[in-house]
Every structure is written in structure tokens, then in C-alpha cells.
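If you want the building blocks of each chain, they are given just below.
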Amino acid sequence: MRFVVFFCLFCLFTIPGFSQRGPTAVARSGEGVHALLRRNGLAESRHFLQFLSLNRGRLTAGNGLMAGRTYRLPARGKSAAAAPKAPARASASSSASVLHAPIFGPKHSRVRVLDRSMRGAVYYLSPGHGGPDPGAVGKYGKHRLAEDEYAYDVTLRLARVLMEHGATVYMLIQDPNDGIRDEQFLKIDYDELTYPHQRIPLNQLARLRQRIAQANQLHARHKGAYQRLLSLHVDSRSQGQKIDVFFYHHANSAAGLRTARSIHRVFTNRYARAQPNRPYSGNVLPRSSLYEVRTSHAPAVFMELGNIHNSRDQPRFLLPDNRQALANWIYEGLRADFKGR
Ligand SMILES: [Zn+2]
């Protein structure tokens, strides 16, 4: 069943007719794809996927809309009998203040845009692993901890903060039903997809290739913009090894190095304040052999948030407040880098 859906979606993307100009509509404040389709007399069930494919590269994380932005509408099918409930007239909303991003889950899907300080910055967020591959799996008591679930939650939180400040964000991996979770133990599942709606292959190289191909395609579309790719991991070392947060960049990427250093600086300062007796030993290192770092057209930073097997590292990602703090610190580093560009 699932396979059929993906197959059809893939067909949509390859039908050349969809690149033609057609009707458009401007998203209103707080409006999601479904509401916009309804307002323009389009059936959600019939046109949702078509809408996504028509507007690839123009949606926010979780296929949300940017208020005030113009979107292309699918052509109404012959059998779509429903009359438009509202005229499909474009009307730009003046102060776009609320975004609707279902990917964050019902509790967090309304994103209030606090300011536009990150306007113009484009981020590709790549939480490690996902789909059939849970990544490293640790243990805490009787609980199994999957790297992909924790990396995903921190990444979602980061996406949300960035959107609150007007950045354009692509979640390269998306779980349709997890959202931001406030539990300590995150259920392991296998239904994550690659943006916008692709099944994740099991093979590691195919998996990475899929998401980077997507990111690089979008990168071309945002040509000239400040763009960064971030890959977040909670990796696996031997049990006794506690690791501080590490940052990797491409040896030849000055921009990637700058971004990594900028985030690292925030972590250094925050740790000095939070635990003055223990020096922070996380570092910025070149590691050009990492597939994402090597092949992303956007300068990339690969982060390791801790060792999933180490009991002193585990609270860093088991506690939801800590996951939020990680996201906030990364955001602060990204903001400083963007401002200083
Ligand atoms: Zn990993």
C-alpha cells in the first residue's frame, strides 16, 4: 500500500506538465496547505500531494506555508465538482506572524514568528539515520534508546526556533506523526521519510545519497542565498567514553568551518557557565570523509551530540529540556554565523 503511494508520487514529479504556470494563491497568516486548498475549492484528498510537488522548495519544515507567499495551485480535475468556497484571489497578508507546521505535532504546530532576523538564511536539517535505520541503539534500564529518534527531536526543535526567526528551513527527514516530543523515552519507529515524501532505503549510502540529492536540488533553487546543512547525531562509542558535543566540517570549506566554530563558541560559553568545574572538551575538526560533509553543496556541519551508551551523556538527550537547550544553543551559533557573514 505504502509502496503504491510513493510510486504514484514519484510519477507526479516526473510529469512535465506540472512545470507549466497555472493558478496561484497567497497563503494567509496561520494557514496550512489543507486550508489553502479548501479555500480555493480544491479537494484536500485529491490535491494535497500535487500541491506539494508543485511547490517543492517553497514550503517550510513539515510542509508548512509562509504567510504572504504565493503558491501554485493544482489544476482542478474534471471530476472535481466542488465549487470554490472563496475566490482564489491573491491577497498578501501584511504581517505574516503565524506559520502552520504540522510536522511539529498538534501542541507545537503553530509557530509564531517573533522576528525576521534570520530572513534570507536557508537551512537543510538532516537528523541522523531514520526510516528502517535507527542508528546507534543504547540502553537505559529496560529502555532502548535509538539515535534517530533523539537526533530527530533535537532537529525538530532547532527547525522550530529557526522558523520563529524567519529562516527558511527544510527538514530533510520527516516523521508524519511524531512531532516534538516531551517524553524522556522516545518510542522507536521506522516510518520517517526523506523530504518531501520519499521512502528511506535501508542501504546507508543510498539513504544519504537520497537526502543530499534532495538538499542539493533545493540548494540550486536558492542560488545566491546563505545556505547551510546541519547533520545531527547521537553516536555510539564504547560505554565508558563520555564525549562532549563535537563538530565536523569539510577541510576545504571555510564557510563550514566558520559555522562550526560559531556553534562551538556558544557551547563553550554555555558550558563554562553551567559547569565551571568541568572544562568542555568538545571540538571542531575537519572530517571530509563524511558523506554529507563531502557532497552537500551547502557548507555543512556534522554534529555529534553525545555517546548514546554513556550514562553521563544520556541525560543530555533524554531530558526534553536539555534537547531544547541543545537546539537553542545551536540556533544561537547559527544566528551569530549568519549575522557575521
Ligand atoms: Zn549517527
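For the structure, check the block above.
Summarised in this report is the structure supplied together with it. Small disclaimer: the values here were computed from a predicted structure and weren't measured. Counting from 1, residues in each chain are numbered in the order their sequence is written. pLDDT decides what is reported in this predicted model: residues at 70 or higher carry local features, side-chain atom pairs at 80 or more are listed and counted, and totals for whole chains, interfaces and linings draw on all residues regardless. To obtain the side-chain values, all non-hydrogen atoms of the structure were included, while hydrogens and water were left out.

Considerations on the sheet that holds strand β10 (residues 193-194)
- Within the open sheet, the three strands sit side by side as β9-β10-β11. Their pairing is antiparallel. The open sheet has two edge strands with one neighbour each: β9 (173-174) and β11 (198-199).
- A pair of strands is considered paired only if DSSP assigns at least 2 bridges between the two. Helix and strand assignments follow DSSP, with helices taken as H or I runs no shorter than four residues and strands as E runs no shorter than two, numbered in order from the N terminus. Note that β9 and β10 share two bridges and pair antiparallel. For I173, the partnering residue across the bridge sits in β10 and is T194.

Topic: the sheet that holds strand β5 (residues 121-127)
- Read from one edge of the open sheet, six strands run β8-β5-β12-β15-β13-β14, paired in mixed fashion. Where the open sheet ends on each side, the last strands, each with one partner, are β8 (168-171) and β14 (284-286). The mean inter-strand angle of the sheet, taken between neighbouring strand axes irrespective of direction, is 25 degrees.
- Bridge analysis of β5 against strand β12 (residues 226-235) gives seven bridges, and the strand direction is parallel. Residue pairing for β12: V122 is matched across the bridge by Q227.
- Residue contacts are defined here by distance: any two heavy atoms, one from each residue, within 4.5 Å place the two residues in contact. The axes are straight lines fitted to the C-alpha atoms, using for helices just the contacting stretch, and the angles between their N-to-C directions are given from 0 to 180°. Against the sheet, helix α9 (residues 320-339) makes contact with β5, β12 and β15 (300-307), and its axis sits at roughly 155 degrees relative to β12, the strand it touches most.

Quick notes on the pairing of β8
- For the exposure calls, accessible area comes from a 1.4 Å probe over protein chains only, and a residue counts as buried if that area is under 20% of its type's maximum, exposed if over 50%, partly exposed in between. A two-sided burial pattern is seen for β8, the buried positions comprising T168 and Y170 on one face and V169 and M171 on the other.
- Judged from the four bridges that link them, β5 and β8 form a sheet pairing that is parallel. Paired with V122 across the bridge in β8 is T168.

Quick word on the coordination of the zinc ion
- Every protein donor of the zinc ion is listed here as H129 (NE2), E147 (OE), H233 (ND1) and D235 (OD), and their distances to the metal cover 2.0 to 2.5 Å.
- Donor atoms: N, O and S within 2.8 Å of the metal, or within 3.2 Å for Na, K and Ca. Because water is excluded, sites can look incomplete. Each label reflects the angles at the metal, where four donors whose angles all fall between 85 and 135 degrees are tetrahedral, four or six donors whose opposite pairs open beyond 155 degrees and whose other angles stay between 65 and 115 are square planar or octahedral respectively, and the rest are irregular. Considering all four donor atoms around the zinc ion, the spread of angles at the metal, 82 to 129 degrees, places the coordination shape in the irregular class.
- Read N to C, the donor residues that coordinate the zinc ion are spaced as H-x17-E-x85-H-x1-D. Here H129 is found in the loop between β5 and β6 (137-140), whereas its partner D235 is found in strand β12, with 106 residues between them in sequence.

Re the side chain of D337
- Relative to the elements of secondary structure, D337 occurs in helix α9.
- Residue classification places D337 among the buried residues on the basis of a relative accessible area of 7%.
- Once residues lying within four places of it in the same chain are set aside, the contact partners of D337 are Y226, R228, R258, T259 and S262.

A word on the pattern of salt bridges
- What counts as a salt bridge is simple: a side-chain nitrogen of Lys or Arg found within 4 Å of a carboxyl oxygen of Asp or Glu. In total, this model carries 16 salt bridges according to the counting rule given.
- One salt bridge in this structure joins E304 and R237, with 3.1 Å as the shortest N-O distance. A residue pair is termed long-range when its members are at least 10 positions apart, and E304 in strand β15 and R237 in the loop between β12 and β13 (246-249) qualify at 67 residues.
- Overall, E304 belongs to the buried group, its relative accessible area being 4%.
- Given a relative accessible area of 24%, R237 falls into the partly exposed group.
- The salt bridge partner of D313 is K242, with a shortest N-O separation of 2.9 Å. Of this pair, D313 sits in the loop between β15 and α8 (314-318) while K242 sits in the loop between β12 and β13; the two residues are 71 residues apart in sequence, bridging distant segments of the chain.
- Residue D313 is classed as buried on the basis of its relative accessible area, which comes to 0%.

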